[in-house]
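Letter by letter, the chains look like this.
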Amino acid sequence: MELKRTLPAAVDNALEYLTEATGLPKKRLKDAMNKGAVWLIRGSHERRLRRANSPLKAGDRIELYYDEALLELKPPQLSAIEDRMGYTLWYKTAGVMSQGTRYGDHMALPRMAELAYGHKREIYPVHRLDRETRGLILLAHNKKMAAILSKLFQDGAVEKGYQAVVLGEAPLEGTVDLALDGKAAITHFTRLEYDAERNTSVLEIRIEHGRTHQIRRHLAHIGHPVMGDPRYGEGNKNREGLLLVAHRLNFICPMRRQPTEFQLPQPFVTKTDA
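Treat the numbers as computed from the prediction; the structure is a model and nothing was measured.

**Section: the packing of aromatic side chains**
Considering all chains together, one arrives at four aromatic pairs under this definition. On the numbers, 6.1 Å between centres and 80 degrees between planes, the contact of tryptophan 90 with tyrosine 117 is edge-to-face. One end of the pair, tryptophan 90, is in strand E6 (residues 87-92); the other, tyrosine 117, is in the loop between helix H4 (109-116) and strand E7 (124-125), and 27 residues separate them in sequence. Here phenylalanine 251 and phenylalanine 262 contribute two aromatic rings whose centre-to-centre distance is 6.0 Å and whose plane-to-plane angle is 55 degrees, an arrangement assigned as tilted. Of this pair, phenylalanine 251 sits in strand E13 (residues 244-252) while phenylalanine 262 sits in strand E14 (residues 259-263); the two residues are eleven residues apart in sequence, bridging distant segments of the chain. The pair phenylalanine 251 / phenylalanine 262 is uniform in exposure class, with both members buried. Here a set of aromatic residues connected by ring pairs shows up, and it is made of Tyr87, Phe251 and Phe262. Positioned over the ring face of tryptophan 39 is arginine 102, at 4.0 Å from the centre of the ring. Looking at arginine 121, its charged tip hangs above the ring of tyrosine 117, at a distance of 4.7 Å from the centre.

**Comments concerning unusual backbone geometry**
Of note in this structure, asparagine 199 is not a glycine but carries a positive phi near 55 degrees. Examined against the element boundaries, asparagine 199 turns out to sit in the loop between strand E11 (186-195) and strand E12 (200-208). Residues other than glycine seldom take positive phi values, yet arginine 257 does so here, at roughly 55 degrees. On the basis of relative accessible area, arginine 257 is assigned to the exposed category, the value being 71%.

**So, the nonpolar core**
Membership of the largest hydrophobic core comes to 26 residues, with the highest contact counts inside it found for Trp90, Tyr162, Ile205 and Leu219. Listed by contribution, the elements that provide at least two residues to this core are H4, strand E8 (134-140), strand E9 (159-167), E12, helix H6 (214-221) and E13. Among the nonpolar cores identified, the runner-up in size contains 25 residues, and Tyr87, Val126, Ala146 and Phe153 belong to it.

**Digging into the sheet that holds strand E4 (residues 61-65)**
Spatially, four strands are ordered E1-E4-E2-E3 in an open sheet, and the strand pairing comes out antiparallel. Bordering the open sheet on either side are strand E1 (2-6) and strand E3 (45-48), each of which pairs with just one other strand. Sheet twist, expressed as the mean angle between neighbouring strand axes with direction ignored, is 15 degrees. When strand E2 (residues 38-42) meets E3, the two strands line up antiparallel, connected through four bridges. The partner of isoleucine 41 across the bridge, within E3, is glutamate 46. Here helix H1 (residues 14-22) sits on the sheet and contacts E1, E2 and E4; the angle it forms with E1, its principal contact strand, is near 120 degrees.

About the cut-offs
Residue numbers restart at each chain and count upward from 1, following the sequence in its written direction. Note on the predicted model: pLDDT of at least 70 is required for a residue's local features to be given, and 80 or more for side-chain atom pairs to be given and counted; whole-chain, interface and lining totals, by contrast, use all residues. Side-chain metrics rest on all non-hydrogen atoms present in the structure, leaving aside hydrogens and water. Think of it this way: a Phe, Tyr or Trp ring, Trp meaning its six-membered ring, pairs with another when their centres are within 6.5 Å, and the plane angle makes it stacked under 30 degrees, edge-to-face over 60, tilted otherwise. Note on conventions: DSSP H or I runs of at least 4 residues are helices, E runs of at least 2 residues are strands, and numbering of each starts at the N terminus. Think of it in three bands: residues with accessible area under 20% of the maximum for their type are buried, residues over 50% are exposed, and the middle band is partly exposed, with areas taken using a 1.4 Å probe on protein chains only. Counting as a charge over the ring demands two things of the Lys NZ or Arg CZ atom: a distance within 6 Å of the ring centre and an angle within 35 degrees of the ring normal. Note on terminology: a nonpolar core comprises buried Ala, Val, Leu, Ile, Met, Phe, Trp, Tyr and Cys residues joined through side-chain atoms within 4.5 Å. At least two DSSP bridges between two strands are needed for those strands to be called paired. To get an axis, fit a line to the C-alpha atoms, keeping to the stretch in contact for a helix; angles then go from 0 to 180 degrees between the N-to-C directions. Note on definitions: a residue-residue contact is assigned when non-hydrogen atoms from the two residues lie within 4.5 Å.

Written out as structure tokens, the structure reads:
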């Protein structure tokens, strides 16, 4: 359900107004507000409206994006695995979003971090992972650090390492140079392992540019789609979900001003090709 209304007159209570406008129970609407599914647009400014008893002014635009299935999802308990004050490092699990959407943010890492810190720290996302991709992700805690980290990612000064399990016997190494959405995109990979019984390969992957779904699209293009990818490739279904992990970040730490590497244990490798 979506509701988009511009108020002709002031309203004392946002929840009362939404209840009357939608016919939904107050309990559900209050939950939707708390989970970021209601927006207030006032002039040129917009924000999520979370307080149920908020008064509204004439000319305010209120929007509700109600998806019961999404709102019923329960976020996992996540915590930072490295804290450098200006930014923190997190392990994002599958199903968690890098940022919220119009339909809510309770399943988004920034909101989880905000609640984990009791609203005592500013939270700024500086890069993204696909919802079903798990792995390392950074959050900044002030505007200056957010700008610095964002620029590092934009300038390609952060080396991002991924591992994936793909269908078939992939080459020992390769590069996919294929523009995506009209923009340059390059993906490099090295095979770490091949399982003949399952007909799958484990790849170490490094990307340039970082376009939307770049790894998934490039690997599907060369006939080795990521296992468990619901969108790209054929014959790659499984019960384990998307087997793609962002397991390494290399960059110059803006806090310590020295080379920094964050790395997870190799998630898929059991042996190395001879």
